[in-house]
Amino acid sequence: MVYEYRRSIRLANKAYASAPNSTEKTIIGQMLSDMHFALTWIHCGFNPDFKRGANRRSEVRFMDPDLIDAIQLDPEPQEPSELSESDRKKIDAALSELTERETDIYVMHHAEMLPLDEIAELLGVKKSTVATTIRRAQKKINHHRLGGRA
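Calculation rules
- Residues numbered from 1 in each chain as written.
- Predicted model: local features only at pLDDT ≥ 70, side-chain atom pairs only at ≥ 80, totals over all residues.
- Heavy atoms only, no water.
- Helix = DSSP H or I, 4+ residues; strand = E, 2+ residues; numbered from the N terminus.
- Buried < 20%, exposed > 50% of the residue type's maximum accessible area, 1.4 Å probe, protein only.
- Contact = heavy atoms within 4.5 Å.
- Areas by Shrake-Rupley, 256 points an atom, 1.4 Å probe, with all protein chains shown as cover.
- Phe/Tyr/Trp six-rings, centres within 6.5 Å; stacked < 30°, edge-to-face > 60°.
- Lys NZ or Arg CZ within 6 Å of the ring centre and 35° of its normal.
- Core = buried A, V, L, I, M, F, W, Y, C linked by side-chain atoms within 4.5 Å.
- pLDDT = per-residue confidence, 0-100.

Undergrad: Please clarify how the overall build of the protein should be interpreted in this entry.
TA: Secondary structure assignment for the protein yields 8 helices and 0 strands. Shown N-terminal to C-terminal, the secondary structure of the protein runs as helices and strands in the order α-α-α-α-α-α-α-α. Expressed as a percentage of its 150 residues, the buried residues of the protein come to 21%. The long-range share in the protein, meaning contacts at least 24 apart out of those at least 6 apart in sequence, stands at 52%. As displayed, the protein has an accessible area near 11600 Å², and 56% of this comes from carbon and sulfur atoms.

Set out below in structure tokens:
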């Protein structure tokens, strides 16, 4: 869903730039604001307008009981993860070196196993741009793995 929001934001930005009058720019600007708000909410997991720390840090989440009943649990047990905690920390540290866009593309390709053309279509860019971004991300990860040495 995040990728669709980002793509919609890019399309709305193009529409905003080509809008012929201020009324249309106002409407598109409000749409952009709403999409950015929703995307921020998705990323942080809480309402970004909350200003008080108690609301932002609260671990208590209320859920509709009907929703809980509607959730069907997977009857098959999940396979245990093959990654150790130290491996997870190393992966997180390596990914922290990347920009948000590089991380998205790298994870889509290497973790979700999406082909380059599908990633390009999702993001609204050329396949060569996706390939270049993956190469750049891999170079940063390799540089990080070597401890910052070239």
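Undergrad: Sorry, what's going on with the packing of aromatic side chains here?
TA: Each aromatic ring pair is specified by the distance between its two centres and by the angle formed by the two planes. Within this structure, the stated rule accounts for 0 aromatic pairs. Positioned above the aromatic ring of Y16 is the side chain of K25, whose terminal nitrogen or guanidinium carbon lies 4.9 Å from the ring centre.

Undergrad: Help me out: how do you make sense of the nonpolar core in this one?
TA: Proteins that are soluble and globular tend to have nonpolar side chains buried together. Judged by nonpolar contacts, Y3, I105, M108, L114, I119, A120, L123, V130 and I134 together constitute the single largest core of 9 residues. Of all the secondary structure elements, the ones that give two or more residues to this core are α6 (100-110), α7 (116-123) and α8 (127-145). Leave out the neighbours within four places in its chain, and V130 touches I105, L116, I119, A120 and V125. Counting 8 residues, the second largest nonpolar core, distinct from the first, contains V2, I9, A12 and L39.

Undergrad: Help me understand the confidence of the model for the protein, please; the structure alone is not making it clear to me.
TA: Low-pLDDT portions of the prediction should not be read for the details of their coordinates. Mean pLDDT over the protein works out to 76, with 70% of the residues at or above the 70 mark. Scored below 50 in pLDDT, residues 56-63 shows 5 contacts in the model against residues more than four places distant or in partner chains.

Undergrad: For this particular structure, what's the right way to read unusual backbone geometry?
TA: When glycine is set aside, most residues are seen to have a negative phi, and most peptide bonds are trans. For M113, which is not glycine, the phi torsion reads 60° and is therefore positive. In this structure, M113 sits in the loop between α6 and α7. Judged by its relative accessible area of 64%, M113 is exposed.

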